[in-house]
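Residues per chain, in single letters:
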Amino acid sequence: MNFQYSVFRQTTVVNALGMHARPAAVIAGMAQDAGGNIWLSDGKSIVDAASIIEILSLGAVTGTKVSIFAEKEEDSALADKIKNFFDVGFGENENK
């Protein structure tokens, strides 16, 4: 897939359950608010972050490194928001 992007962020799936439907839906909802396209990649596949099904197709388990690409510079803050959502374990990690 050939694409151009202005913004790049990298994160890791840290929650115990990995990527599943609820966080995929939240990420897709955020990506749909973007001024341009947002993509996620696990290093093997690149998927449209506005699609729950495509996000789930990555099969991202705990420990998977995920790259976030945004087509437009104006979506930099949105890329940060998506990265932060990954970084906090989708709000699912319990305090030990």
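Here, every reference points to the structure presented above.
The shown structure was predicted, so the numbers you read here are calculated from the model rather than taken from an experiment.

A. Representation of the packing of aromatic side chains. Applying the stated criterion across every chain yields a total of 4 aromatic pairs. Arranged with centres 5.3 Å apart and planes meeting at 45 degrees, the rings of Phe8 and Phe69 form a pair that is tilted. Taken together, the residues span a long stretch of sequence, with Phe8 in strand β1 (residues 7-12) and Phe69 in strand β4 (residues 65-70) at a distance of 61 residues. Using a relative accessible area of 39% as the deciding quantity, one classes Phe8 as partly exposed. Among the residues examined, Phe69 registers a relative accessible area of 10% and is labelled buried. Pairing Phe86 with Phe90 gives two aromatic rings, centres 5.1 Å apart and planes at 65 degrees, and the pair type is edge-to-face. Across the pair, Phe90 and Phe86 agree in class, each one buried.

B. Up close: the pairing of β4. When you tally the buried positions in β4, you get 5 out of 6 residues, the bulk of the element. Relative to β4, β1 runs antiparallel, the two being bridged by 6 bridges. Bridge assignment links Gln10 to a residue of β4, and that residue is Ser67.

What counts and what doesn't
Residues numbered from 1 in each chain as written. Predicted model: local features only at pLDDT ≥ 70, side-chain atom pairs only at ≥ 80, totals over all residues. Heavy atoms only, no water. Phe/Tyr/Trp six-rings, centres within 6.5 Å; stacked < 30°, edge-to-face > 60°. Helix = DSSP H or I, 4+ residues; strand = E, 2+ residues; numbered from the N terminus. Buried < 20%, exposed > 50% of the residue type's maximum accessible area, 1.4 Å probe, protein only. Pairing = 2+ DSSP bridges.

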